Amino acid sequence: MEKYMESRYANYVGYLQKYKGVVPQQNGNWGAQIYTNNQRIWLGTFKSEIDAAIAYDRASMKLRTADAPRNFPLTKSTLLEANFQSHYSMETILAMIKDGSYQAKFEDYQRLKKDRENDNVVEKGSLGFSCRVLFQKELTPSDVGKLNRLVIPKKYAVRYFPPVPDDVAQGFANDEVTLSFYDTKKRLWKFRYCYWKSSQSFVFTRGWNQFVKDKKLMPKDKITFYYQENLEMPNMGFWVIDTCTSTSHKGECLKLGAEEEEEEEEESFKDECKMDDQIMGTSNVKTHGLKLFGVQIIQ
């Protein structure tokens, strides 16, 4: 028994020299702990010493400075992890480490960031502007029909457009919110934007019907929303709306700043537009490099 305890103590001492904040446990698992302000914070029990060491590094990233000693060197992934942690409080980060949900939430954050980078490819213009794709939607028969409204998918409405008033009258918010967009010919369009509680939909109403008629939009055509940002004055950006003719019609998608070509290019329709997960599987249009108000967007 004495030799057994000496052996375990030797392993314990040897291990302390290997990873910070990690302690072996009698059941074969590994504990992680960190000290801050002279207080010990228990981070949980883990099946491997590597997992426990990673838990310590993650807690240290939130509790200490960036140059604090770590078990593992900083990588591109851990630098992204600092951005992930900035969205949560210290208590929330520690709770996620303890209950084991940290890794899954961090992976979700990485996937979301990667999707946004793939969908919103931005290149700076020579005049200090940048343009990014927000989202694209394929028009339904009701979007271009007698209802005179465009339904904005909720996930995009919440992410990109300002909130609508909570007061409700006759099924939608009674305080108007007007959103202004420029088309690719620099023409200004204004749409009444509201939330219909009866159908739980975010919609463009007044102004949309005129846009449909002017652009001769039909079902299965697509509209794309952009945001043009002034890099020198971030609050001086504006929205842009563009139309994309269906593959059954003449023309080519997203010809920003250029006249529509009359001839059809069948081969150009083989590659899909890589915009958002909602349209990746349905689009049959190939999108080339495009220019918006002098800003080149590479897709």
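Before any of the text, the structure's been laid out above.
All figures in this text were calculated on a predicted structure; none of them were measured in a lab.

Definitions and cut-offs
- Residues numbered from 1 in each chain as written.
- Predicted model: local features only at pLDDT ≥ 70, side-chain atom pairs only at ≥ 80, totals over all residues.
- Heavy atoms only, no water.
- Helix = DSSP H or I, 4+ residues; strand = E, 2+ residues; numbered from the N terminus.
- Buried < 20%, exposed > 50% of the residue type's maximum accessible area, 1.4 Å probe, protein only.
- Contact = heavy atoms within 4.5 Å.
- Areas by Shrake-Rupley, 256 points an atom, 1.4 Å probe, with all protein chains shown as cover.
- Salt bridge = Lys/Arg side-chain N within 4 Å of Asp/Glu carboxyl O.
- Pairing = 2+ DSSP bridges.
- Phe/Tyr/Trp six-rings, centres within 6.5 Å; stacked < 30°, edge-to-face > 60°.
- Core = buried A, V, L, I, M, F, W, Y, C linked by side-chain atoms within 4.5 Å.
- Axes fitted to C-alpha atoms, helices over the stretch in contact; angles between N-to-C directions.
- Parallel < 35°, antiparallel > 145°, perpendicular 65-115°, else oblique.
- Nonpolar A, V, L, I, M, F, W, Y, C, P; charged D, E, K, R; others polar.
- Arc of directions from axis to C-beta.

Novice: Help me out: how do you make sense of the overall build of the protein chain in this one?
Specialist: Tallying secondary structure elements over the protein chain gives seven helices and 14 strands in all. The burial tally for the protein chain puts 39% of its 299 residues in the buried class. Considering only contacts in the protein chain between residues 6 or more positions apart, those separated by 24 or more positions represent 50%. Of the roughly 17,700 Å² of accessible surface on the protein chain, a fraction of 51% belongs to carbon and sulfur atoms.

Novice: I keep staring at the pattern of salt bridges and nothing clicks. Help me out?
Specialist: Any two side chains of opposite charge can pair, on the condition that their charged atoms come close. One pass over the full model with this rule turns up nine salt bridges. Lys137 is paired through a salt bridge with Asp143; the nearest N and O atoms lie 2.9 Å apart. Taking the relative accessible area as the measure of exposure, Asp143 reaches 2% and is therefore buried. The salt bridge involving Asp183 is made with Lys215; its shortest N-O contact spans 2.9 Å. With Asp183 in the loop between strand 8 (177-182) and strand 9 (188-196) and Lys215 in helix 7 (residues 208-215), this residue pair connects regions lying 32 residues apart in the sequence. Judged by relative accessible area, Lys215 falls into the partly exposed class, the value being 25%. Among the ionic contacts, a cluster of salt bridges with common partners joins Asp183, Arg187, Asp214 and Lys215.

Novice: Hey, could you run me through the pairing of strand 9 in this one?
Specialist: Of the strand pairs in this sheet, strand 8 and strand 9 are connected by six bridges, and their pairing is antiparallel. Along strand 9, the bridge assignment pairs Thr178 with Arg192. Connecting the antiparallel pair strand 8 and strand 9 is a turn made up of five residues, with Lys186 showing a positive phi of about 65°. The pairing of strand 9 with strand 10 (residues 201-204) spans four bridges and is classified as antiparallel. Directly across from Tyr195, in strand 10, lies its bridge partner Phe202.

Novice: I would appreciate a short explanation of the packing of aromatic side chains in the present structure.
Specialist: Here the distance between the centres and the angle between the planes together describe a pair of aromatic rings. All chains considered together, the criterion is met by 31 aromatic pairs. With centroids separated by 5.5 Å and ring planes inclined at 45°, the aromatic side chains of Tyr19 and Phe72 adopt a geometry described as tilted. Pair noted here: Tyr19 is in the loop between helix 1 (2-16) and strand 1 (22-24) and Phe72 is in the loop between helix 2 (49-63) and helix 3 (76-85), with a separation of 53 residues, a long-range link. Judged by centre distance (5.1 Å) and plane angle (15°), the ring pair of Phe191 and Phe204 falls under stacked. On the criterion of sequence distance, the pair formed by Phe191 in strand 9 and Phe204 in strand 10 is long-range, its members being 13 residues apart. Side by side, Phe191 and Phe204 carry an identical accessibility label, which is buried.

Novice: What is the right way to look at the nonpolar core in this model?
Specialist: A general trend in soluble globular proteins is that nonpolar side chains are found buried together. Among the nonpolar cores identified, the biggest contains 28 residues, and Ile152, Phe161, Phe181, Tyr193, Phe204, Trp208 and Phe225 are the most heavily contacted of them. Ranked by size, the runner-up nonpolar core spans 23 residues in total, among them Ala32, Ala53, Leu63 and Ile97.

Novice: I tried to follow the packing of helix 2 against helix 4 (residues 90-99) on my own but got confused; where do I start?
Specialist: Packed helix pairs are specified by the crossing angle of their axes together with the interaxial distance, meaning the distance between the axes. Here helix 2 crosses helix 4 at 175°, and the two axes come no closer than 10 Å. The pairing of helix 2 with helix 4 is recorded here as roughly antiparallel in orientation. Contact with helix 2, carried on its side by Ala55, Arg58, Ala59, Lys62 and Leu63, involves Met90, Ile93, Leu94 and Ile97 of helix 4 and no other residues of that element. A class-by-class count of the residues in the contact of helix 2 with helix 4 yields seven nonpolar, no polar and two charged.

Novice: Quick question: what am I supposed to make of the sheet that holds strand 2 (residues 30-36) here?
Specialist: In sheet architecture, strand pairing relies on hydrogen bonds along the backbone and comes in two forms, parallel and antiparallel. As summarised here, the arrangement of the three strands in space is 1-2-3, forming an open sheet in which the pairing is antiparallel. The strands lining the two open edges of the sheet, one partner per strand, are strand 1 and strand 3 (39-46). Recorded for the sheet is a direction-independent mean angle of 30° between the axes of neighbouring strands. As judged from the seven bridges shared by strand 2 and strand 3, these two strands associate in the antiparallel manner. From the neighbouring strand, Ala32 faces strand 3, where its bridge partner is Gly44.

Novice: Before we go on, may I ask you to explain unusual backbone geometry in this structure?
Specialist: Residues other than glycine predominantly adopt negative phi, and peptide bonds predominantly adopt the trans conformation. Residues other than glycine seldom take positive phi values, yet Asn38 does so here, at roughly 65°. With respect to the secondary-structure elements, Asn38 resides in the loop between strand 2 and strand 3. Judged by relative accessible area, Asn38 falls into the exposed class, the value being 82%.

Novice: What's the story with helix 4 in this structure? I'm lost.
Specialist: Every buried residue of helix 4 is accounted for by Ile93, Leu94, Met96 and Ile97. Looking straight down helix 4, one finds its buried side chains confined to an arc of 160°; they lie on one side. Set apart from the buried face of helix 4 by more than 90 degrees, the exposed residues are Glu91 and Asp99.

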